Amino acid sequence: MLRSGTGYLRPSWDEYFLELAQLVASRSTCLRRQVGAVLVNKERIIATGYNGAPRGLGHCLDIGCMREEMGIPSGQRYELCRGVHAEQNAIINAAFYGVSTQDTVLYCTTQPCIICARILINAGIIRVVHQGDFDDKLAVQFMEEAGIDLVEITYRSKKES
């Protein structure tokens, strides 16, 4: 937290957008992991996304988790899931409303997976600020190779303190 001249605690931009990503994650319909993402251009939010089923399809909250039913461990077989990842939904939402993602920053409550990493690279994301909690070394390797500035911050909101 930054201090202004009055002693007032003010979050940095990274802390601010990560806290917003946590709020976005509260809309998640995934039974296993609630993830939120905020896509930012020049310190202005251009799109948000959380993990959940595509528009018009039943949510796992309502119909159950197919991955759980199939015994698929977290972090494996991403394609066997109803949910669209938060990072993907943020980019999709930007595209849906005709907003460019080139040279933007993604704030996410977890480290992106390899599928999301490839999408982030092709979407022109230049920086990813995340809170860890997911181990995908190949995703990190790809993002670093593409020149994406990857930053892990363990900031937690005041609500979690």
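First, a word on scope: everything that follows refers to the structure included in this document. All values derive from a computational prediction rather than experimental measurement.

### What about the overall build of the protein?
Thought 1: Assigned secondary structure in the protein consists of six helices and seven strands.
Thought 2: Listing every helix and strand of the protein by position from the N terminus yields β-β-α-β-β-α-α-α-β-α-β-α-β.
Thought 3: For 161 residues, the compact-globule estimate of 2.2 N^0.38 gives 15 Å, and the protein sits close to it at 16 Å.
Thought 4: Taken over the C-alpha atoms alone, the protein extends approximately 55 × 35 × 30 Å along its principal axes.
Thought 5: In the protein, which comprises 161 residues, the share counted as buried stands at 41%.
Thought 6: The long-range fraction of contacts in the protein, counting pairs at least 24 apart against all pairs at least 6 apart in sequence, stands at 55%.
Thought 7: Only carbon and sulfur atoms are counted for the fraction: they give 52% of the accessible area of the protein, which is about 9,200 Å².
Thought 8: Taken together, the 17 basic and 18 acidic charged side chains of the protein have centroids lying 5 Å from each other.

### Points about unusual backbone geometry
Thought 1: The phi dihedral of Lys-42 is positive, around 50°, even though this residue is not glycine.
Thought 2: Here Lys-42 is to be found in the loop between strand 3 (36-41) and strand 4 (44-50).
Thought 3: Phi is positive for Arg-77, close to 50°, though the residue is something other than glycine.
Thought 4: By the element assignment, Arg-77 lies in the loop between helix 3 (66-70) and helix 4 (86-96).

### Comments concerning the nonpolar core
Thought 1: Residues Ala-37, Leu-39, Leu-106, Leu-120, Ile-125, Val-128 and Met-143 are the most contacted members of the largest nonpolar core, which totals 23 residues.
Thought 2: Mapped by element, the contributors of at least two residues to this core are strand 3, helix 4, strand 5 (104-108), helix 5 (114-123), strand 6 (125-130) and helix 6 (137-145).
Thought 3: The leading source of residues in this core is helix 5, at five residues.
Thought 4: Not counting residues within four places of it along the chain, the set of residues in contact with Leu-106 comprises Ala-37, Val-38, Leu-39, Glu-87, Ala-90, Leu-120, Ile-125, Arg-127, Val-128 and Val-129.
Thought 5: The next biggest cluster of nonpolar side chains, apart from the first, holds ten residues, and it includes Ala-21, Val-38, Val-40 and Val-129.

### A few points about the packing of aromatic side chains
Thought 1: Taken as a whole, this structure holds six aromatic pairs when the rule is applied.
Thought 2: Taking the centre distance of 6.4 Å and the plane angle of 45° together, the rings of Tyr-78 and Phe-134 count as tilted. Taken together, the positions of Tyr-78 in the loop between helix 3 and helix 4 and Phe-134 in the loop between strand 6 and helix 6 put the pair 56 residues apart, joining distant regions of the chain.
Thought 3: A relative accessible area of 17% means that Phe-134 is categorised as buried.
Thought 4: With centroids separated by 5.0 Å and ring planes inclined at 75°, the aromatic side chains of Phe-96 and Tyr-97 adopt a geometry described as edge-to-face.
Thought 5: What makes Tyr-97 exposed here is its relative accessible area of 61%.
Thought 6: Linked through ring pairs, Trp-13, Tyr-16, Phe-17 and Tyr-107 together constitute an aromatic cluster.
Thought 7: A cation over a ring is seen here: Arg-55 above Phe-96, with NZ or CZ 4.3 Å from the ring centre.

Criteria and thresholds
- Residues numbered from 1 in each chain as written.
- Predicted model: local features only at pLDDT ≥ 70, side-chain atom pairs only at ≥ 80, totals over all residues.
- Heavy atoms only, no water.
- Helix = DSSP H or I, 4+ residues; strand = E, 2+ residues; numbered from the N terminus.
- Rg over C-alpha atoms; globule rule 2.2 N^0.38 Å.
- Buried < 20%, exposed > 50% of the residue type's maximum accessible area, 1.4 Å probe, protein only.
- Contact = heavy atoms within 4.5 Å.
- Areas by Shrake-Rupley, 256 points an atom, 1.4 Å probe, with all protein chains shown as cover.
- Lys, Arg positive; Asp, Glu negative; His and termini not counted.
- Charge placed at Lys NZ, Arg CZ, Asp CG, Glu CD.
- Core = buried A, V, L, I, M, F, W, Y, C linked by side-chain atoms within 4.5 Å.
- Phe/Tyr/Trp six-rings, centres within 6.5 Å; stacked < 30°, edge-to-face > 60°.
- Lys NZ or Arg CZ within 6 Å of the ring centre and 35° of its normal.

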